[in-house]
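Structural overview
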Amino acid sequence: MEMYDVIIVGAGPAGLCAGMYTARFNLNSVAIEKGLPGGELLNTEGIEDYPGFEYIRGAELAERMENHAKKFGLQILNETVVGIKHHGDHFVVRTEQHSYRSLTVILTAGGTPIKLNVPGELEYAGRGVSYCAVCDGAFFRDQVITVVGGGDAAVEEAHFLTKYGSKIYVVHRRDKFRAQAILQQRLLAEPKVEVIWDHVVEGIKGNGEVDRLMLRNTRTGEPRELKTSGLFIFVGFTPNTGVLEDHVEHDANGYLITNERMETVIPGLFAAGDVRVQLTRQITTAVGDATTAAVAAEKYIAKLKDAMTVGK
Ligand code: NAP
């Protein structure tokens, strides 16, 4: 079995950036991605906080990052990784189809949207319930749309949905958003938007398709029914670390703990982007992490190869 220098698991911004660097360092590098390269960029309509681009469509930035990494020789495989195991001086990465070996792994698998876990959520997924405004917003043209959450994603995506919906409700469990001020201001300036503060969604009802939500006031306990056709849920992400077969230190929410080289407790296993504990999750921080991880991986591999040569 071929021994790669680096296997990158996940080809979102962190994975593509790590791959751009490792390929450019002439390391034998492969990125394994279960979907299309680009990750969360593909679920984002427009980006205006990536330096050098006052505005760029998420899909365009994804394509540019992919082409850039490929230009330096990164190979991208379209397979689903199911296991990553450390075997002393190398790793075995298993996908649904094959097994691959490498000296290092950079885990850039991102996260999965958290579910509300309320009655009707599973039943109406794809029939009114969505976790991606860019993917599904257009289905709700001139209809009432409700967004749940109060972070950057909810506030940004609710603003994006104003281009489709006749009315946008934002249901948030507190009386304050946690999103960045600039995103809040832009959303609250939209006449179509009404925020329902201090409420949670307790149930989703309909007749084949969503037509109403059962809300509850978190202060008074009062129930309320809200007519809506689309429900977009943005209540955070959980990191995709389930493929790790060895114990890797993480925080209470499952985010991996790394040192300043982005290396986990397992030598040669690096983590970058949304899988890692950090203050904020931006494209800029993902590519920053990835740059550090790639440089650290290169140094790690050089040392390992030196030791192998000396040992011969
Ligand atoms: P987040 O920052 O974790 O926010 C999750 C939101 O959902 C919070 O407002 C939280 O309420 C609410 N929530 C959590 N569980 C809930 C439940 N069961 N029921 C109702 N509400 C619930 O997640 P995110 O917005 O997905 O963002 C994830 C990361 O990506 C963040 O670091 C964010 O900064 C980053 N991001 C950045 C941008 C950007 O810069 N443009 C865009 C998108 C995402 P509480 O506030 O009460 O806790």
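Since the model is a prediction, treat every value here as computed from it, not as a measurement. (Residues numbered from 1 in each chain as written. Predicted model: local features only at pLDDT ≥ 70, side-chain atom pairs only at ≥ 80, totals over all residues. Heavy atoms only, no water.)

As a further point, take the state of the cysteines. Summed over the entire model, instances satisfying the criterion amount to one disulfide. Here Cys132 is linked by a disulfide to Cys135, with a sulfur-sulfur distance of 2.0 Å. In this structure the cystine formed by Cys132 and Cys135 twists about its S-S bond by roughly 70 degrees; its chirality is therefore right-handed. Judged by relative accessible area, Cys132 falls into the buried class, the value being 8%. (Disulfide = S-S within 2.5 Å. Buried < 20%, exposed > 50% of the residue type's maximum accessible area, 1.4 Å probe, protein only.)

With that settled, consider the site of the ligand. In the vicinity of the ligand lie 19 residues, with Asp152, Arg174, Arg178, Gln180 and Gln282 positioned nearest. In this structure, Ala153 approaches the ligand through a main-chain N or O atom, which is 3.0 Å from an oxygen atom. Arg178 is positioned such that a nitrogen or oxygen atom in its side chain is 2.6 Å from an oxygen atom of the ligand. Burial of the ligand by the protein amounts to 78% of the accessible area it has alone, namely 910 Å². Sort the elements by how many residues they give to the shell around the ligand and helix α4 (residues 152-161) lands first, with three residues. (Near = heavy atom within 4 Å. Polar contact = N/O pair within 3.5 Å; in protein donor to acceptor, adjacent residues only side chain to side chain. Areas by Shrake-Rupley, 256 points an atom, 1.4 Å probe, with all protein chains shown as cover. Helix = DSSP H or I, 4+ residues; strand = E, 2+ residues; numbered from the N terminus.)

This part is about the packing of aromatic side chains. A full pass over the atoms with the stated rule returns seven aromatic pairs. For the pair Phe160 and Tyr164, a centre-to-centre distance of 5.7 Å together with 80 degrees between the ring planes defines the contact as edge-to-face. Accessibility expressed as a relative area gives 10% for Phe160, which makes it buried. In this structure Tyr164 comes out as buried when scored by relative accessible area, which is 12%. One residue, Lys115, lies across the ring of Tyr131, its end atom 5.2 Å from the ring centre. The ring of Tyr255 is capped by Arg281, whose NZ or CZ atom sits 3.9 Å from the centre of that ring. (Phe/Tyr/Trp six-rings, centres within 6.5 Å; stacked < 30°, edge-to-face > 60°. Lys NZ or Arg CZ within 6 Å of the ring centre and 35° of its normal.)

Moving on to the sheet that holds strand β14 (residues 199-206). Reading across from one edge, β14-β15-β16 is the order of the three strands in this open sheet, with antiparallel pairing throughout. Of all the strands in the sheet, just β14 and β16 (223-227) have a single pairing partner and so form its edges. For this sheet the average axis-to-axis angle between neighbouring strands, irrespective of direction, equals 25 degrees. Of the pairings in the sheet, the one linking β14 to strand β15 (residues 210-217) comprises seven bridges and is antiparallel in character. Bridge pairing in β15 links Gly203 to Met214. (Pairing = 2+ DSSP bridges. Axes fitted to C-alpha atoms, helices over the stretch in contact; angles between N-to-C directions.)

Before going further, it helps to examine the domain arrangement of the protein. Assigned domains of the protein: these are domain 1 (3-112 + 237-311) and domain 2 (115-233). Taking only C-alpha atoms into account, the centre of domain 1 sits 32 Å from that of domain 2. Taken together, the six residues of domain 1 in the interface contact nine residues of domain 2. For the pairing of domain 1 and domain 2, the buried interface totals around 570 Å² over both sides, and the portion due to carbon and sulfur atoms is 43%. Interface area lost by domain 1 to domain 2 is led by Asn43, Glu45 and Glu48, which between them contribute 67%. The tally of links from domain 1 across to domain 2 stands at two salt bridges. Across the pair Lys163 and Glu45 runs a salt bridge whose closest N-O atoms are separated by 3.8 Å. Linking domain 1 to domain 2 there are one residue pair in polar contact (both at pLDDT 80 or more). Across the side of domain 1 that touches domain 2, the residue classes break down as one nonpolar, three polar and two charged. (Domains from an automatic or database assignment. Contact = heavy atoms within 4.5 Å. Buried area = accessible area lost by both parts, 1.4 Å probe. Salt bridge = Lys/Arg side-chain N within 4 Å of Asp/Glu carboxyl O. Nonpolar A, V, L, I, M, F, W, Y, C, P; charged D, E, K, R; others polar.)

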